[in-house]
Amino acid sequence: MEQKKILIITYYWPPAGGPGVQRWLKFAKYLPDFGWKPVIYTPENPSYPLLDETLMKDVPENIEMVRTKIWEPYQLAEKLNKSNKKFKAGQFDVGKNQSWKSKLSIWVRGNFFIPDARVFWVKPSITFLEKYLREHQIDTIVTSGPPHSLHLIGLGLKDKMPDLKWIADFRDPWTEISYYKHLKLTKSSDKKHRQLESAVFKNADITLATSYTDAENFRKAGANAVCITNGFDESDSEGKVKGQNHQDQFTLSYIGVLEQLRNPENLWKALDELIKENTDFAADFKLKFAGRIDDKILYAIENSSLKNHILNLGYLSHGKAVEEMQNSSLLLITNFPNEASKGIIPGKIFEYLASGKQILSFGPDQADVAKILNETQSGKHFNYQDTETVKQFILEKFNLWKEGSLHENTQHIEQFSRKNLTRQLTEIL
């Protein structure tokens, strides 16, 4: 039987690194197992904030790739202010860390490039893909954002071809994401963002969310929304030797990008107090970073009592990052602190789950992450005001580690495997 075709419109594709690329890379990897042939539409000359050549191993052999050129204004922004390099990854300075150049750059980014700086790819892509779709048999298209400009490609194609089946995949929310309020939007710009978002919700046949709360919020806003979370790929751990339960040091690891808006200052305070109060803990504790840590966060930690306990490995390939998870005692995950972000489930939590390690999580109360941790009995979630209870949790895990009793746990996680999630997707298709 001939496979159905699905056109995946995505900005991020290997050799891009980071979590944004992995969702549809993994779907594309397993879709053929369920009777669907993926076709990828992506920029010919993208400006990726991170590169990871090792992800190329997951690209299906002989996959059909369609590319067109994109123009992005990031080079101009970086000439204005070097810190604008963070914009590519949706990051920027906040609060007291903002210079006047940062403030100007953020204002320009929010009000001139709606919904984002990849907007210049929208019209050329609509023109190109309308012709492509009329010449090729495609059963469904997917737009994956952020960048949410890609959803405008889907919106334009749906307008020209009303019978086209369109799935709008929101890896993160649009106007409800935490940094939206930091974009210094004028009233007219805010209105335009919300109008475009509403149009996507109402015209897409299906809106995919990566969390339970986001799906509920999207439905309230008029979308036909379904939740398919991110997940872990069992093949990523094949052939890798997991770390022993009792390692030389009690290692708390953060894997990934840590930005100012998700900085757990109460954790650094708790660790500082534990080091000063507990000589055993001070002798055995290591704080490991593997990824891109905001320089201002790193500077503050390096000028505290934690300075002699830090191991900063920098950005690692995905495979190496998985190894570092497995060679840790406790894994750290952080989310934006405000209530509107309780539906965000950072993608790395699923690989954390697959590692079997206990997870220390920070974010708003009643977060979707807390629900997952409770269901899988794999850790504990705290808000950004907790310090004493955080200390108690870390000390409890440290004492278990000292006794050699900090056991691994992987129960109830099969639902989050990439293959099972792809099965869910094909059932929706």
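One structure accompanies this document, and this report is about it. All chains use their own residue numbering, which begins from 1 and follows the written sequence. Two thresholds apply to this predicted model, a pLDDT of at least 70 for residue-level local features and 80 or more for giving and counting side-chain atom pairs, whereas whole-chain, interface and lining totals are computed over all residues. Note: side-chain values were computed over all heavy atoms of the structure, leaving out hydrogens and water.

As a further point, take the overall build of the chain. Secondary structure is summarised from DSSP: a helix means a run of H or I of at least four residues, a strand means a run of E of at least two, and numbering begins at the N terminus for each. Across its full length, the chain holds 15 helices and 13 strands. Between buried and exposed lies partly exposed: a residue is buried under 20% and exposed over 50% of the maximum accessible area for its type, with that area taken using a 1.4 Å probe on protein chains only. Within the span of the chain, comprising 429 residues, buried residues form 58% of the whole. Residue contacts are counted whenever heavy atoms from the two residues lie within 4.5 Å of one another. Within the chain, residue pairs in contact and separated by at least 24 positions form 75% of the contacts whose partners lie at least 6 positions apart. A total of about 18600 Å² of accessible surface is found on the chain, and carbon and sulfur atoms cover 49% of it. For accessible areas, the Shrake-Rupley method is used with a probe of radius 1.4 Å. Any residue's cover is judged against the shown protein chains and nothing else.

A separate point is the pattern of salt bridges. By salt bridge we mean one thing: a side-chain nitrogen of Lys or Arg within 4 Å of a carboxyl oxygen of Asp or Glu. If you walk through the whole model with that rule in mind, you get 25 salt bridges. The shortest N-O distance in the salt bridge between Glu-64 and Lys-5 comes to 3.8 Å. Of this pair, Glu-64 sits in strand S3 (residues 64-68) while Lys-5 sits in strand S1 (residues 4-9), and the two are 59 residues apart along the sequence. The residue Lys-29 makes a salt bridge to Asp-233 at a minimum N-O spacing of 2.8 Å. Separated by 204 residues along the polypeptide, Lys-29 in helix H1 (residues 22-30) and Asp-233 in the loop between strand S7 (225-227) and strand S8 (250-255) bring together distant segments of the chain. A relative accessible area of 5% places Asp-233 in the buried class.

A few words now on the environment of Ala-290. Mapped onto the elements of the fold, Ala-290 is located in strand S9 (residues 285-290). A sequence separation of 35 residues divides Ala-290 from Ile-255, and the C-alpha atoms of the two residues are 4.8 Å apart. What Ala-290 contacts, discounting residues up to four positions off in sequence, is Tyr-254, Ile-255, Gly-256, Leu-313, Gly-314 and Leu-316.

A separate point is the nonpolar core. Working definition of a nonpolar core: buried Ala, Val, Leu, Ile, Met, Phe, Trp, Tyr and Cys residues. They are joined through side-chain atoms within 4.5 Å. The biggest cluster of nonpolar side chains holds 60 residues, and the ones touching the most others in it are Leu-7, Ile-9, Ile-141, Ile-153 and Leu-157. Core analysis: the second largest hydrophobic core is formed by 32 residues, Tyr-254, Leu-258, Leu-332 and Ile-394 among them.

Now for the sheet that holds strand S10 (residues 310-312). Paired through backbone hydrogen bonds, the strands of a sheet run either parallel or antiparallel to each other. Pairing between two strands is assigned when DSSP locates at least 2 bridges connecting them. Spatial ordering of the open sheet is given by S10-S9-S8-S11-S12-S13, a layout of 6 strands whose pairing is parallel. Both outer strands of the open sheet, S10 and strand S13 (379-382), are each paired with one neighbouring strand and no more. Within the sheet, the average angular offset between the axes of one strand and its neighbour, ignoring direction, is 20°. Here strand S11 (residues 330-334) pairs with strand S12 (residues 358-362) via 5 bridges, running parallel. For helices, the fitted line uses only the C-alpha atoms of the stretch in contact; every axis is such a line through C-alpha atoms, and the angle between N-to-C directions lies from 0 to 180 degrees.

This next bit is on helix H10 (residues 295-302). Quick reminder: α-helices carry 3.6 residues per turn. Residues three or four places apart thus point the same way. If you check which residues of H10 are buried, you get Ile-297, Leu-298 and Ile-301. All buried residues of H10 fall inside an arc of 95° around its axis, so they share one side. Among the exposed residues of H10, those oriented more than 90 degrees off its buried face are Asp-295 and Tyr-299. Whenever two N or O atoms come within 3.5 Å, that pair is a polar contact, provided that in protein one can donate a hydrogen and the other can accept it, and provided that, for residues adjacent in sequence, both atoms are side-chain atoms. For H10, the N-terminal cap is Asp-294; the gap from its side-chain oxygen to the backbone nitrogen of Lys-296 is 2.9 Å. Note that the arc is computed from the directions linking the helix axis to the C-beta atoms.

It is worth spelling out the packing of aromatic side chains at this point. Between 30 and 60 degrees the pair is tilted, below 30 it is stacked and above 60 it is edge-to-face, where a pair is any two Phe, Tyr or Trp rings, Trp via its six-membered ring, whose centres lie within 6.5 Å. This model, assessed by the stated rule, comprises 23 aromatic pairs. Ring plane angle 0° and centroid distance 4.8 Å describe the contact between Tyr-41 and Trp-121, whose orientation is recorded as stacked. Of this pair, Tyr-41 sits in strand S2 (residues 36-43) while Trp-121 sits in the loop between helix H3 (100-112) and helix H4 (122-135), and the two are 80 residues apart along the sequence. Judged by relative accessible area, Trp-121 falls into the buried class, the value being 1%. Put simply, the rings of Phe-250, Phe-281, Phe-285, Phe-398 and Trp-401 pair up and form one aromatic cluster. By definition, being over a ring means that NZ of Lys or CZ of Arg is both within 6 Å of the ring centre and within 35 degrees of the ring normal. One residue, Arg-118, lies across the ring of Tyr-11, its end atom 4.1 Å from the ring centre. Cation over ring: Lys-371 sits above Tyr-212, and NZ or CZ is 4.2 Å from the ring centre.

Next up on the list: the packing of helix H11 (residues 318-326) against helix H12 (residues 348-355). Taken N-terminus to C-terminus, the directions of H11 and H12 make an angle of 50°; their axes are 9 Å apart at the nearest point. Judged by the angle between their axes, H11 and H12 are oblique. When the axes of H11 and H12 are compared, the crossing they make is right-handed. In contact with His-318, Val-322, Met-325 and Gln-326 of H11, H12 contributes Glu-351, Tyr-352 and Ser-355. Across the contact of H11 with H12, the residue classes break down as 3 nonpolar, 3 polar and 1 charged. What sets the label is the angle itself: under 35 degrees gives roughly parallel, over 145 gives roughly antiparallel, 65 to 115 gives roughly perpendicular, and the rest give oblique. The crossing is said to be left-handed when, going from far helix to near helix, the turn is anticlockwise and less than a right angle, and right-handed when the turn is clockwise. The nonpolar class holds Ala, Val, Leu, Ile, Met, Phe, Trp, Tyr, Cys and Pro. Asp, Glu, Lys and Arg form the charged class, and all remaining residues, Gly among them, are polar.

Look at helix H5 (residues 149-160): 17 Å from first C-alpha to last across 12 residues, which is about the 16 Å you get at 1.5 Å a residue. Within H5, 10 of the 12 residues are buried, leaving the element largely enclosed by the surrounding structure. Buried within H5 are the following residues: Ser-149, Leu-150, His-151, Leu-152, Ile-153, Gly-154, Leu-155, Gly-156, Leu-157 and Lys-158. In this structure, the buried side of H5 is in contact with S1, H4, strand S4 (140-145), strand S5 (166-170) and helix H6 (187-203). Take the number of residues in a helix, subtract one, and multiply by 1.5 Å to get its expected span.

Another point: the side chain of Arg-171. Within the fold, Arg-171 resides in the loop between S5 and H6. Counting rule applied: Lys, Arg positive; Asp, Glu negative; His and chain ends not counted. Buried charged residue Arg-171 carries no salt bridge. Nearest counter-charge: Asp-169, at 5.3 Å. Only 2.9 Å separates the side chain of Arg-171 from the side chain of Ser-144, close enough to count as a polar contact. Ignoring any residue separated from it by four or fewer positions in sequence, one finds Arg-171 in contact with Tyr-12, Gly-20, Arg-23, Ser-144, Gly-145, Pro-146 and Thr-210.

On to the pairing of S2, then. Burial analysis of S2 places 7 of its 8 residues in the buried class, which makes it a mostly covered element. Strand direction decides the pairing type here: S1 and S2, joined by 6 bridges, are parallel. When the sheet's bridge partners are listed, Ile-9 is paired in S2 with Tyr-41. Handedness of the crossover joining S1 and S2 through H1 is recorded here as right-handed. Of the pairings in the sheet, the one linking S2 to S3 comprises 5 bridges and is parallel in character. In the strand pairing of S3, Tyr-41 is matched with Val-66. Viewed with both strands pointing away, a crossover whose connecting path from the first strand over the helix to the second turns clockwise is right-handed.

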